[in-house]
Amino acid sequence: MDPARIDRDYPQGTNFQLLVAQQQLARMGVVDDAQGTQATAYRTLLSSELKFRAADLVRRDPSVIGQTVEITAPMSDDADLYYKGEITRDEDAALRRVSDRQMEWLDDLKRDGSVTSGFNTLLFTQGDSTEPELAGVLGAVVGSALMLLVTALIAIPLGVGAAVYLEEFARKGRITDLIEVNINNLAAVPSIVYGLLGLALFINFAHLPRSSPLVGGLVLALMALPTIIIATRSSLKAVPPSIREAALAMGASRTQTVFHHVLPLAMPGVMTGTIISMAHALGETAPLLLIGMVSFVPGIPGAITEPAGALPSLVYIWENASELAFHERTAAAILVLLVFMIVMNAAAILLRRRFERRW
Amino acid sequence: MKLPFFRSPDGREGGTPADPTEAPRMGGQVLPGADAPLDRRDETVLPTEPAVSDAQGEVPPTVTAPAVPVGPTKIAARDISVFYGDKQALYDVSLDIPDKTVTSFIGPSGCGKSTFLRCMNRMNDTIQGARVTGQILMDGDDINARSVDPVLLRAQVGMVFQKPNPFPKTIYENVAYGPRIHGLTSSKSEMDGIVEVSLKRAGLWDEVADRLHSAGTGLSGGQQQRLVIARAIAVNPEVILMDEPCSALDPIATAKIEELIDELREQYCIVIVTHSMAQAARVSQRTAFFHLGRLVEHGDTEEIFTNPRERRTLDYITGRFG
Ligand SMILES: Nc1ncnc2c1ncn2[C@@H]1O[C@H](COP(=O)(O)OP(=O)(O)O)[C@@H](O)[C@H]1O
Ligand SMILES: [Mg+2]
């Protein structure tokens, strides 16, 4: 921690990576040229997380300035790929991203134990980043969760309510038939069309913030509604008429019959339909394209009106990234998405059980 | 008390009180008498003799339906016709149903017994496309009047269905449901009392007292049917309608329900639809015979079974059709 090169008032401004690079080169006895070519090359092997951690340390405890401290931080994505064997010496030196020289340094670091491999937990604690070693899924997970929350809060009450009305209260006739046909058609409309509708309705017309979980949730709610209505109606239909008769003959009103008896009995089916449509919504990517949720959003959204990503769009973005290291992250993001779904479905099964033995 | 809609016995009270309902005593159909005296192929000719032979063996039924006295008229139906869409299911039925009496409706399937029964608690209102014309007076008031809330009417007119249909809730909840929605009580202890009394009256208390909070659907068919009866009487109805309450039950359960009906007769006006002539003979004091949507004949049960006026009645009770 060279006192001459650290800005006490603004430690983030310090080029800690270069400091470390020069110190390492000095340790190896390499003499750098005037432009610091070697140090710059060495520096690129270290991630900017090193800088953040060092700056953090200095801010918390300024007395470390002038001393030698040990800091652990991730290597850069290129270094990581080299260690994993994704970049090898066999490749054309002009095309590969790690030079022979850097490879020697990396081998050296590995030999003397300065580099160890471990799980990069930044994956779970960070938002998206342009640097693969620092990019995480938390931003997308939070974005997806907020979006699903909006979807659930809108689609479930509306969908179940509409189904109950259509099935139990509405007079069957031409209008209900027309609505039924419409709902069945809407369930089959490609999701990208819902994205367009959302773009026109929520962003261009209602001026809601684009890229926000609010708009994403609204669009997915539109998409989930037909599925929820259809599932709810069919489970309401499946409730034996004898229960309805029993309640009506006891002097229960239509509303009491529905809410005391029919709906609770239909609940497991309603939940199944709802969860399926929610899981569907979670994995949906196409409509998000059109409302700006498939774009680079660093950081973690704190509210439904802030820009956010979503897990499936993160998968898409990472898979399309030019840095090779992002492709590994894509696999990780897919796993996280799957785990998210498994957790949701498990919760659904538990809830279902609960409802099934309510008495 | 003689009611205008029940025929007087025609001065034939000395007629043989033979019971044609000898053979299968519970739930079964009565077999035709082997020695029926008349050629019954010609429907237009009425029998000139008391139609039923007295040669059949007389076995006293388990529940002996005492002939009369019956209570005052509870329900008076006038010219009731029911249409399901364009199809007419019931034609101008007029019938007086006495209080504190069991009245049974008999007749072949599809003749409109259930339809008529549903008129009395306005359950036909809940069927889309069903239309009822005519008048039903309960204690002199038109139950189809605009001012009558069918929900309140159904609290006064309980109904028991063919298939036991307890709610998929606990036994306690099944019985407590009616009193709760009608606000009959607000305290837990009162509710416990209602539940206990209702279950006792339905003859189920001893069997379920220790498992009131287990599922009502876990009971046997006969117990379920008695639970449904307990549920119906928990709201203090005046009339109990039963639509073939025993047809899904075994003979022993049937016997229990029949005993129960006989006990309940003292407090309620009971109407029971049954397919079993034997059952009608055992539990009811009045019988009405329906055929093809029309009320063919009605009167004292004994009279109908021993001395029917109409050829169709005779044919039906002797098992010639149906
Ligand atoms: N919900 C209904 N919709 C249409 N027709 C019905 C309905 N219920 C009964 N019916 C018709 O009305 C007639 C009388 O039926 P029902 O009263 O059930 O006869 P029962 O109880 O004597 O066997 C039958 O022809 C039957 O098909
Ligand atoms: Mg019937």
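Residues numbered from 1 in each chain as written. Chains lettered and ligands numbered in written order. Predicted model: local features only at pLDDT ≥ 70, side-chain atom pairs only at ≥ 80, totals over all residues. Heavy atoms only, no water.

1. Considerations on the domain arrangement of chain A
Residue and element names in this part refer to chain A.
Argument step 1. Assigned domains of chain A: these are domain 1 (11-114) and domain 2 (138-356).
Argument step 2. The C-alpha-based centres of domain 1 and domain 2 are spaced at 47 Å.
Argument step 3. In this complex, domain 1 contributes 5 residues to the contact, which on the side of domain 2 involves 4 residues.
Argument step 4. Here domain 1 packs against domain 2, burying approximately 380 Å² in sum over the two surfaces, 58% of which is carbon and sulfur. (Domains from an automatic or database assignment. Contact = heavy atoms within 4.5 Å. Buried area = accessible area lost by both parts, 1.4 Å probe.)

2. Things to note about the environment of Tyr316 of chain B
Residues and elements named next belong to chain B.
Argument step 1. As for its placement among the helices and strands, Tyr316 is situated in helix H10 (residues 311-317).
Argument step 2. Taking relative accessible area as the criterion, Tyr316 reaches 0% and is therefore assigned buried.
Argument step 3. Taking the C-alpha atoms as reference points, Tyr316 and Met277, 39 residues apart in sequence, are found 9.1 Å from one another. (Helix = DSSP H or I, 4+ residues; strand = E, 2+ residues; numbered from the N terminus. Buried < 20%, exposed > 50% of the residue type's maximum accessible area, 1.4 Å probe, protein only.)

3. A closer look at the pairing of strand S1 (residues 73-84) of chain B
Residue and element names in this part refer to chain B.
Argument step 1. Bridging between S1 and strand S2 (residues 87-98) involves 8 bridges; their strand directions are antiparallel. Counted as the bridge partner of Ile80 is Val93 from S2.
Argument step 2. Following S1, the chain reverses through 2 residues before pairing antiparallel with S2; Gly85 in that reversal takes a positive phi of roughly 65 degrees.
Argument step 3. Across 8 bridges, S1 lies against strand S4 (residues 130-138) in antiparallel orientation. What sits directly across from Phe83, in S4, is Arg131. (Pairing = 2+ DSSP bridges.)

4. A look at the pattern of salt bridges
Where charged atoms from two side chains of opposite charge come close, those side chains can pair.
Argument step 1. A complete count under the given rule lists 27 salt bridges over all chains for this structure.
Argument step 2. Residues Arg60 of chain A and Asp56 of chain A are paired through a salt bridge, measuring 3.8 Å at the closest nitrogen-oxygen approach. In this pair, Arg60 of chain A and Asp56 of chain A are both assigned in helix H3 (residues 48-60), 4 residues apart and thus about one turn of the helix distant.
Argument step 3. Residue classification places Asp56 of chain A among the partly exposed residues on the basis of a relative accessible area of 30%.
Argument step 4. Salt-bridge contacts for Glu173 of chain B lead to Arg180 of chain B; the nearest nitrogen and oxygen are separated by 2.8 Å.
Argument step 5. Members of the salt-bridge network, linked through shared partners, are Glu167, Glu180, Arg233 and Lys237 of chain A. (Salt bridge = Lys/Arg side-chain N within 4 Å of Asp/Glu carboxyl O.)

5. Comments concerning the packing of aromatic side chains
Argument step 1. Scanning all chains against the criterion turns up 9 aromatic pairs over all chains.
Argument step 2. Where Tyr42 of chain A meets Trp105 of chain A, the ring centres are 4.9 Å apart and the plane angle is 45 degrees; that geometry is what we call tilted. Of the two residues, Tyr42 of chain A is situated in helix H2 (residues 37-43) and Trp105 of chain A in helix H5 (residues 100-111); the sequence distance between them amounts to 63 residues. Across the pair, Trp105 of chain A and Tyr42 of chain A agree in class, each one buried.
Argument step 3. Residues Tyr82 of chain A and Tyr83 of chain A carry aromatic rings whose centres are separated by 6.0 Å and whose planes lie at 50 degrees to one another, so their mutual orientation is tilted.
Argument step 4. Taking relative accessible area as the criterion, Tyr82 of chain A reaches 12% and is therefore assigned buried.
Argument step 5. On the basis of relative accessibility, which here comes to 24%, the residue Tyr83 of chain A falls in the partly exposed class.
Argument step 6. Following the ring pairs from residue to residue traces out a cluster consisting of Phe105, Phe116 and Phe290 of chain B. (Phe/Tyr/Trp six-rings, centres within 6.5 Å; stacked < 30°, edge-to-face > 60°.)

6. Some words on the sheet that holds S4 of chain B
All names here are of chain B.
Argument step 1. Here we have 4 strands laid out as an open sheet, ordered S2-S1-S4-S5, and antiparallel in their pairing. Edge positions in the open sheet fall to S2 and strand S5 (141-142), since each of these has one partner strand only.
Argument step 2. In this sheet, S5 lies alongside S4 in antiparallel orientation, the contact comprising 2 bridges. Bridging from a neighbouring strand, Met138 pairs with Asp141 of S5.

7. Examining the side chain of Glu297 of chain B
Residues and elements named next belong to chain B.
Argument step 1. By secondary structure assignment, the location of Glu297 is in strand S10 (residues 294-300).
Argument step 2. Of the residues examined, Glu297 reaches a relative accessible area of 3% and is grouped as buried.
Argument step 3. A polar contact of 2.5 Å, which involves the side chain of Glu297, links it to the backbone nitrogen of Arg309.
Argument step 4. For Glu297, the side chain forms a polar contact with the main-chain nitrogen of Glu310, separated by 3.0 Å. (Polar contact = N/O pair within 3.5 Å; in protein donor to acceptor, adjacent residues only side chain to side chain.)

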